[in-house]
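What the coordinates show
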Amino acid sequence: ALLFTQRALELRLAQDPKDTCDSLQIQLGKVLYASGSQDTAIELFTHVLQRNESDSEALREYAKAYVDRKRPNEALRILLRVLVHAPNDTQTRACLSDIVKARGGIDVLFAELGDAANSGPALAFMATLIKDYGAVEQSVTLYYKALAMCPEMTTYVLNLVHTLEVFNRYQEAMELSIKYCKQHAAMTIGTHHSNGQVAALFDGIQDLFDRKLRLPYLEGTSHTGILDTVVWVPNHGSVVVAKGKEHEVSAGGSTALPSPAAPAPDKAAQKIPPYNSDELDLLALHFT
């Protein structure tokens, strides 16, 4: 690989001696680094960055070298800089997530974020980014902090609930959802049910996974479980109804649970409720 890369670089320079060949220089540096000539490789990356200090690939390789030298702060600082220019670069995201997943990585992240460590949107962005690359536990920490800074952000609590589900922390996810609905009881979706109504569905229930709440009920118990539920009514929205009565719900001639044999509705005649993104997030939280 080293010989082929060097030959490609020589041919490129022969065609145009003024060409800096940065991409080939970086490729050569990567091959040299992998073969053990790390200092030489780092010199190549440095030369590229002297010509273009925003070269994402050179910066990323430089950051990897810092990781190998047990200097995660410098590595993370560089990777955060790369994200500014290339926010969707998968290799940068993966490398950054690996640093955060390592022992003490979350503290390194907070240190390098600076003032952004006190920004709910910044922490939520980082939580979403690292979760996609396996740093799920650290993502939970970031979502909790983001939610503490912006307690009314439904999208934060929704993402946190889904992340907790990945860990099978269902009870915690349920308690978080109920707490959010109680704290913001007046929040509604369109003109329909409120957070308070949804939270009230769980009144008297401390453990959602208690055996006595499951069907069939244990002999000698009379716990009624959750009496109401949320259903979706096409062309209308979501409503709270008594369990077992879902099939009776209708609004404007639309049935909540149409027969599978019924003809497909005319899409042109369907009315999509004018929900904004926050209301859609809240709707997703309720159904979760």
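Check the entry above for the structure.
Just so it is clear, the model here is predicted, and its values are computed rather than measured.

Reading guide: rules and limits
- Residues numbered from 1 in each chain as written.
- Predicted model: local features only at pLDDT ≥ 70, side-chain atom pairs only at ≥ 80, totals over all residues.
- Heavy atoms only, no water.
- Helix = DSSP H or I, 4+ residues; strand = E, 2+ residues; numbered from the N terminus.
- Buried < 20%, exposed > 50% of the residue type's maximum accessible area, 1.4 Å probe, protein only.
- Lys, Arg positive; Asp, Glu negative; His and termini not counted.
- Salt bridge = Lys/Arg side-chain N within 4 Å of Asp/Glu carboxyl O.
- Polar contact = N/O pair within 3.5 Å; in protein donor to acceptor, adjacent residues only side chain to side chain.
- Contact = heavy atoms within 4.5 Å.
- Axes fitted to C-alpha atoms, helices over the stretch in contact; angles between N-to-C directions.
- Parallel < 35°, antiparallel > 145°, perpendicular 65-115°, else oblique.
- Left-handed = near helix turned anticlockwise from the far one by under 90°.
- Nonpolar A, V, L, I, M, F, W, Y, C, P; charged D, E, K, R; others polar.

The subject of this paragraph is the side chain of Asp55. Assignment of secondary structure puts Asp55 in the loop between α3 (38-51) and α4 (56-68). There is no salt bridge for the buried Asp55, and the closest opposite charge comes from Arg60, which lies 7.5 Å off by N-O distance. Side-chain polar atoms of Asp55 contact the backbone nitrogen of Ala58, separated by 3.0 Å. Other than its neighbours up to four places away in sequence, Asp55 contacts Asp22, Ile26, Val48 and Leu49.

Within the secondary structure layout, Leu280 lies in helix α13 (residues 277-287). Taking the C-alpha atoms as reference points, Leu280 and Thr154, 126 residues apart in sequence, are found 9.3 Å from one another.

Looking now at the pattern of salt bridges. Within this structure, the stated rule accounts for seven salt bridges. Between Arg71 and Glu74 there is a salt bridge whose closest N-O contact spans 3.2 Å. The residue Glu112 makes a salt bridge to Arg77 at a minimum N-O spacing of 2.8 Å. Residue Glu112 is located in helix α7 (residues 105-113), and its partner Arg77 is located in helix α5 (residues 72-85); the two are separated by 35 residues in the primary sequence. Taking relative accessible area as the criterion, Glu112 reaches 18% and is therefore assigned buried.

Here we take up the packing of α7 against helix α9 (residues 136-149). One way to put it is that α7 packs onto α9 with a least axis distance of 10 Å and a crossing angle of 40°. When the axes of α7 and α9 are compared, the pair comes out oblique. Of the two elements, α7 crosses α9, and the hand of that crossing is right-handed. The residues of α9 that touch α7, namely those facing Ile106, Leu109 and Phe110, are Gln138, Thr141, Leu142 and Lys145. A class-by-class count of the residues in the contact of α7 with α9 yields four nonpolar, two polar and one charged.

With respect to the helices and strands, the residue Ser56 is situated in helix α4. Put simply, Ser56 and Thr92 are 36 residues apart on the chain and 8.7 Å apart in space, counted from C-alpha to C-alpha.

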